[in-house]
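# Analysis of the macromolecular model
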Amino acid sequence: FALMADTIARYQQGKPVLVTLRLKNEGGKWEKGDRDRWPWLESAIRNFSGVDVEVRSELAPAVSELCNQLGKLSVFSFHDFEKTPPREELDGLLSSAERLGGIGKIAATAQTLADVELLRSILRKQPNSPICIIGMGPHGRETRLTFPLDGSCFTYGYLVTPGAPGQYSAQELTEHFLTLRRT
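A brief structural summary.

Rules of the game
Residues numbered from 1 in each chain as written. Predicted model: local features only at pLDDT ≥ 70, side-chain atom pairs only at ≥ 80, totals over all residues. Heavy atoms only, no water. Helix = DSSP H or I, 4+ residues; strand = E, 2+ residues; numbered from the N terminus. Rg over C-alpha atoms; globule rule 2.2 N^0.38 Å. Buried < 20%, exposed > 50% of the residue type's maximum accessible area, 1.4 Å probe, protein only. Pairing = 2+ DSSP bridges. Axes fitted to C-alpha atoms, helices over the stretch in contact; angles between N-to-C directions. Parallel < 35°, antiparallel > 145°, perpendicular 65-115°, else oblique. Left-handed = near helix turned anticlockwise from the far one by under 90°. Contact = heavy atoms within 4.5 Å. Nonpolar A, V, L, I, M, F, W, Y, C, P; charged D, E, K, R; others polar. Right-handed = clockwise from strand over helix to strand, strands pointing away.

### Comments concerning the overall build of the protein
For the protein, the count of helices and strands is seven helices and seven strands. Here the C-alpha atoms of the protein give a radius of gyration of 16 Å, agreeing with the 16 Å that 2.2 N^0.38 yields for 183 residues. With the principal axes as the frame, the protein shows a C-alpha extent of 40 × 35 × 30 Å. In the protein, which comprises 183 residues, the proportion classed as buried is 46%.

See below:
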């Protein structure tokens, strides 16, 4: 994490940076328990723009509290690397994130175009608070470029190596959205 923090700090240069330290069961590399993860997340909250933590994590309330105290961004996320869960489940997860006072994020594998449309329909529902919806997998890659135009409050890119299937680099995303701005 120290090496990654150095990389993030060099890239940050006045740009907002959201730090994740994802649990292995949601696609990350963190294999220890949540309590061992707290010092790293607390440091990230204090030193960067905010953090993204799993909505079902036992740390979500503490993350919410510290982010609110310090005026930092909190994202409460859910990842499914196999499928797009039913609408009711996704709506429930977003409601949990809203209750925590942060941005709700859903990243689900879109196996079909119907999955993409389900995810897009969540954006069109006009939620009460900002949300981030991302498709992964064979049909999901382009959602990282199109969903921000449909109402997703942001998208994710990587600095060094992709963290999820279909993820664009931060450089590619920057170039794409700058090109759109010019047209």
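### Structural notes on the sheet that holds strand 4 (residues 103-109)
One open sheet holds the five strands; their spatial order is 1-2-3-4-5, and the pairing between them is parallel. Strand pairing shows two members of the sheet lacking a second neighbour, strand 1 (18-20) and strand 5 (131-136), which therefore form its edges. Geometrically, the sheet is characterised by an average inter-axis angle of 25° between neighbouring strands, direction not taken into account. Where strand 1 meets strand 2 (residues 50-54), three bridges bridge the pair, whose relative direction is parallel. When the sheet's bridge partners are listed, Leu18 is paired in strand 2 with Gly50.

### Some details on the packing of helix 2 (residues 34-47) against helix 3 (residues 60-70)
Contact geometry of helix 2 with helix 3 gives a least axis separation of 10 Å together with a crossing angle of 20°. On the basis of the axis angle, helix 2 is roughly parallel to helix 3. For the crossing formed where helix 2 meets helix 3, the hand is right-handed. From helix 2, Trp38, Leu41, Glu42, Ile45 and Arg46 reach across to helix 3, where they touch Ala62, Val63, Leu66, Cys67 and Leu70. Taken together, the residues of the contact of helix 2 with helix 3 sort by class into eight nonpolar, no polar and two charged.

### Considering the pairing of strand 2
Of all five residues in strand 2, five are buried, a share of seventy percent or more. Covered by surrounding structure in strand 2 are Gly50, Asp52 and Glu54 together with Val51 and Val53, the residues of both alternating faces. Regarding the hand of the β-α-β motif, the stretch spanning strand 1, helix 2 and strand 2 is right-handed. Once the chain exits strand 2 it traverses helix 3 before rejoining the sheet at strand 3 (residues 73-80), and the crossover so formed is right-handed.

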